[in-house]
Amino acid sequence: MHGIGLDRRQLLVGAGALAAAGPAWAAEVAAPNVLDTTPENQAATFRNQDQTRPVRAIRRGGTVRPLPPHGRTLSGLTYAGEGGSRTVDDYMVRRRTGGLLVLKRGEVALERYGMGNGPESRWTSFSTAKSMTSTLAGAALHDGSIRSLDDPADLYLPALKGSAYESVSVRNVLRMCSGVAWKEEYDPNGTSDVVRLGAAIAAGRPGGVVDLMRSLPRAAPQGARFNYSTGETCLLGAIVAAATKRPLADYYAEKIWGPAGMEADGYWQLETKGGLELAGLGVSARLRDFGRFGQFVLEDGVVGGGGRALPRGWRDLAGQPDVEATGFGRLQPGYPLGYGYQWWVLPRAAGSVHDGAFTAQGIFGQFVYVNPLEQVVAVVWSAWRKAWEYDAETETYALLGAAVEALRA
């Protein structure tokens, strides 16, 4: 339930584009479909998503935000696991970890790489991009491009008139409570809606993704039911792009990537060459820049010089459930998390290391964790062999909880 569009064909790029990814990866070739990799080529595929689809650069700004070392290192961190104490090395081997970063008040307490990655590697976001897209919706609200989250989505994207999305509020799209039918399953040979999304992307027809979303039927009243949908975030991206009259990557560079002090360009995969960004997935960037994004959100969109890129209080609005349908334990049977505005929210419990924390999650084990009370941001890159492994998710939060606890003193 953590979102991906499928690439049915491989669009090979020239040697110049391969070289731009860095000399260490120049010989790597991505598999055509991220859902159909081998253990040997999975990491190379996640590093080289610009080989599989057209992309648009997310340009860095002129100033890089420093991430100095924290006074306490977590190099010797241990956490509780089945059978006894485990180390960071244990975790990285067990969970095929490509990158691990922990920041406390914007300072690096832990930074590790695996799966052939290094500090200059770019790794794909999968559904952690959803949280980036929702943050761009907050930026658009702040600058007036979106007047109100309670406006109907078709006010900004008239193509939605006459569809099940007509009159659905932008807020309910952010919550994934549109009431529009969607089935998200990651079998590449299956017939779920996310596979249909992949086919629409692979067809290479401009507007194909919005056309797919327009064709979906209504399943419930808006606001009444949570239904995780990568297609819905792609639609949210189209709404933001229409409202701002800017491609998402360009708007991201202007409002967040540059002001937040990213150290390198990222890129965002596109529906078609020169077309819409795939807002529910497909952002590739360095590990530290994923961390700077989390730090930007933790700091509520305050940027250099005391300016703001987000409405005051956006972090706490977007990072917590605000209706019954997205409340803790309501998303699916046996799952304790809640949902905010395209962020997963850990259960509230006074005194818990995770109290008030929320996280971006992406399939195969991608996380951007934000803990405002503890002033901790963490990023995890993984290459799990299954789209989602709940035991690996639980272990990841055990590791991050131990990191938060160790940094409390």
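Reading guide: rules and limits
- Residues numbered from 1 in each chain as written.
- Predicted model: local features only at pLDDT ≥ 70, side-chain atom pairs only at ≥ 80, totals over all residues.
- Heavy atoms only, no water.
- Helix = DSSP H or I, 4+ residues; strand = E, 2+ residues; numbered from the N terminus.
- Rg over C-alpha atoms; globule rule 2.2 N^0.38 Å.
- Buried < 20%, exposed > 50% of the residue type's maximum accessible area, 1.4 Å probe, protein only.
- Contact = heavy atoms within 4.5 Å.
- Lys, Arg positive; Asp, Glu negative; His and termini not counted.
- Charge placed at Lys NZ, Arg CZ, Asp CG, Glu CD.
- Axes fitted to C-alpha atoms, helices over the stretch in contact; angles between N-to-C directions.
- Parallel < 35°, antiparallel > 145°, perpendicular 65-115°, else oblique.
- Left-handed = near helix turned anticlockwise from the far one by under 90°.
- Nonpolar A, V, L, I, M, F, W, Y, C, P; charged D, E, K, R; others polar.
- Pairing = 2+ DSSP bridges.
- Salt bridge = Lys/Arg side-chain N within 4 Å of Asp/Glu carboxyl O.

## Focus on the overall build of the protein chain
The number of helices and strands found in the protein chain is 13 helices and 13 strands. Computed over the C-alpha atoms, the radius of gyration of the protein chain is 20 Å, within 12% of the 22 Å expected from 2.2 N^0.38 for a compact globule of 409 residues. With respect to the principal axes defined by its C-alpha atoms, the protein chain has extents near 60 × 50 × 45 Å. Looking at the protein chain as a whole, 62% of its 409 residues are labelled buried. Within the protein chain, residue pairs in contact and separated by at least 24 positions form 68% of the contacts whose partners lie at least 6 positions apart. In the protein chain, 43 side chains carry a positive charge and 41 a negative one; their mean positions are 2 Å apart.

## Focus: the packing of helix α4 (residues 128-142) against helix α10 (residues 248-257)
At their nearest, the axes of α4 and α10 sit 10 Å apart, and the two run at 65 degrees to each other. Relative to α10, the element α4 lies roughly perpendicular. When you trace α4 past α10, the crossing you get is left-handed. Along its contact with α4, which presents M132, T133, T135, L136, A139 and A140, the element α10 presents L248, Y251, Y252, K255 and I256. For the contact of α4 with α10, the class distribution of residues is eight nonpolar, two polar and one charged.

## Brief notes about the sheet that holds strand β7 (residues 266-269)
Strand order in the open sheet formed by four strands is β1-β7-β8-β6, and the pairing between neighbours is antiparallel. The sheet terminates laterally at β1 (55-58) and β6 (123-124), the two strands that pair on one side only. Where β6 meets strand β8 (residues 283-285), two bridges bridge the pair, whose relative direction is antiparallel. Each bridged residue has a counterpart across the sheet, and for T124 the counterpart in β8 is S284. Sheet strands touched by α10: β1, β7 and β8. Its angle to β1, the strand with the most contacts, is close to 15 degrees.

## Observations concerning the packing of α10 against helix α11 (residues 287-298)
Interaxial distance between α10 and α11 falls to 12 Å at its minimum, and their mutual angle equals 65 degrees. Counted together, Y252, K255, I256 and W257 of α10 and D289, F293 and F296 of α11 form the full contact between these two elements. Its residues assigned to classes, the contact of α10 with α11 comprises five nonpolar, no polar and two charged.

## As for the environment of S284
By the secondary structure assignment, S284 is in strand β8. For the pair S284 and R214, spaced 70 residues apart in the sequence, the C-alpha separation amounts to 28 Å. Residues in contact with S284, not counting those within four places in the same chain, are Q49, R122, W123, T124, G266 and Y267.

## What about the pattern of salt bridges?
Under the definition given, this model contains 30 salt bridges. In this structure, R288 engages E111 in a salt bridge whose closest nitrogen and oxygen atoms are separated by 2.8 Å. With R288 in helix α11 and E111 in strand β5 (residues 107-113), this pair connects stretches of sequence that are 177 residues apart. Assessed through its relative accessible area of 24%, E111 is described here as partly exposed. Through salt bridges with shared partners, one network takes in R86, R94, R95, E389, D391 and E395.

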